[in-house]
Amino acid sequence: MAGALVHKAVDYVQSKDFQDYLMSTHFWGPVANWCLPIAAINDMKKSPEIISGRITFALCCYSLTFMRFVYKVQPRNWLLFACHVTNEVAQLIQGGRLINYEMSKRATA
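Here the residue index of a chain counts from 1 through its sequence in written order. Local features in this predicted model are restricted to residues of pLDDT 70 or higher, and side-chain atom pairs are both shown and tallied only at a pLDDT of 80 or more, whereas totals for entire chains, interfaces and linings draw on every residue. With hydrogens and water stripped out, all remaining heavy atoms of the structure feed into the side-chain values.

Further remarks concern the overall build of the protein chain. Strands here mean DSSP runs of E at least two residues long; helices mean DSSP runs of H or I at least four residues long; both are numbered from the N terminus. Tallying secondary structure elements over the protein chain gives 6 helices and 0 strands in all. For the protein chain, the C-alpha radius of gyration of 19 Å lies well beyond 13 Å, the compact-globule estimate for 109 residues. Based on the C-alpha atoms only, the size of the protein chain along its principal axes is roughly 65 × 30 × 20 Å. Partly exposed describes any residue whose relative accessible area lies between the buried limit of under 20% and the exposed limit of over 50%, with all areas from a 1.4 Å probe on protein chains only and scaled to the type maximum. By residue count, 23% of the 109 residues in the protein chain fall in the buried class. For the protein chain, the share of sequence-separated contacts (at least 6 apart) that also reach a separation of at least 24 residues comes to 75%. Note on areas: Shrake-Rupley with a 1.4 Å probe; residue coverage comes only from the protein chains shown. Summing over all exposed atoms, the protein chain offers an accessible surface of approximately 7,900 Å²; the carbon and sulfur share of this is 69%. The globule rule used for comparison is 2.2 Å times the number of residues to the exponent 0.38, while the radius of gyration itself is calculated over C-alpha atoms. Residues are treated as being in contact if the distance between any of their heavy atoms lies within 4.5 Å.

If you want it as structure tokens, here you go:
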């Protein structure tokens, strides 16, 4: 059973369809776009005082808008959709961190 699945996967990776997909913008667009959520996830380790509220809000709006766009356009690009979902979650966490930081700063003042 597992051997048949592996054989099927290898056949698909070696197929012309998969190679055409790898050479299309349907693949490389999302790959390039993954830099945004990766940067946001990496910034979660840093101090919240470096977070820009305006940029975080803009990136939340951007990801929400393009999640809808990716879902409506045919054929659907699920790799790009996953990228925007990840970015939206990362930006919401960053926004929450900024709000908590600002509220604690006001409470001590």
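Back to the text.
The next thing to look at is a nonpolar patch on the surface. Residues qualify for a patch when their relative accessible area is over 30% and they have no salt bridge, like charges being joined within 9 Å and the nonpolar side chains of Val, Leu, Ile, Met, Phe, Trp and Tyr within 5 Å. Within this document, salt bridges are pairs made up of a side-chain nitrogen of Lys or Arg and a carboxyl oxygen of Asp or Glu, the two lying within 4 Å of each other. On the surface, M23, W28 and V31 cluster together into a nonpolar patch covering about 340 Å² of accessible area. Residue class for W28 comes out partly exposed when judged on its relative accessible area of 46%.

On inspection of all chains with the given rule, the structure shows 2 salt bridges. Between K46 and D43 there is a salt bridge, with the nearest N and O atoms lying 3.4 Å from each other. K46 sits in the partly exposed class, given a relative accessible area of 39%. What makes D43 partly exposed here is its relative accessible area of 25%.

Let's shift gears to helix α1 (residues 2–13). Expected helix span is taken as 1.5 Å per residue step, with the number of steps being one fewer than the number of residues. If you check α1, its first and last C-alpha atoms are 17 Å apart, about what 12 residues at 1.5 Å a residue would give, namely 16 Å. Across the 12 residues of α1, 0 count as buried, placing the element largely on the outside.

Convention adopted: a line fitted to C-alpha atoms gives each axis, helices being fitted over their contacting stretch, and angles between N-to-C directions are expressed from 0 to 180 degrees. Two elements in contact, helix α3 (residues 25–33) and helix α4 (residues 35–43), have axes separated by 5 Å at closest approach and are oriented at 20 degrees. By the angle between their axes, α3 is roughly parallel relative to α4. For the pair formed by α3 and α4, the contact residues are V31, A32 and N33 on the first element and C35, L36 and P37 on the second. Following the grouping adopted for this structure description, the nonpolar residues are Ala, Val, Leu, Ile, Met, Phe, Trp, Tyr, Cys and Pro, the charged ones are Asp, Glu, Lys and Arg, and the polar ones are all others, Gly among them. Its residues assigned to classes, the contact of α3 with α4 shows 5 nonpolar, 1 polar and no charged. Each angle is binned into one of four classes, with values under 35 degrees roughly parallel, values over 145 roughly antiparallel, values of 65 to 115 roughly perpendicular, and all other values oblique.

Our next topic: the confidence of the model for the protein chain. A low pLDDT score tells you not to read the predicted coordinates there in detail. The quantity known as pLDDT measures the predictor's confidence residue by residue, on a range of 0 to 100. When pLDDT is averaged along the protein chain, the result is 89, and 98% of the positions lie at 70 or above. Least confident of the elements in the protein chain is helix α2 (residues 16–22), whose mean pLDDT is 78; most confident is helix α5 (residues 53–72), at 95.

Moving on, we come to α3. Since there are 3.6 residues in each turn of an α-helix, residues three or four apart along the chain are aligned in direction. Turning to α3, its buried residues number three or more, namely F27, P30 and N33. Down the axis of α3, the buried side of the element spans an arc of 140 degrees, and every buried residue falls inside it. Exposed residues pointing more than 90 degrees away from the buried face of α3 are listed as T25 and A32. In the core, the buried residues of α3 are packed alongside α2, α4, α5 and α6 (78–108). It is the directions from the helix axis to the C-beta atoms that the arc portrays.

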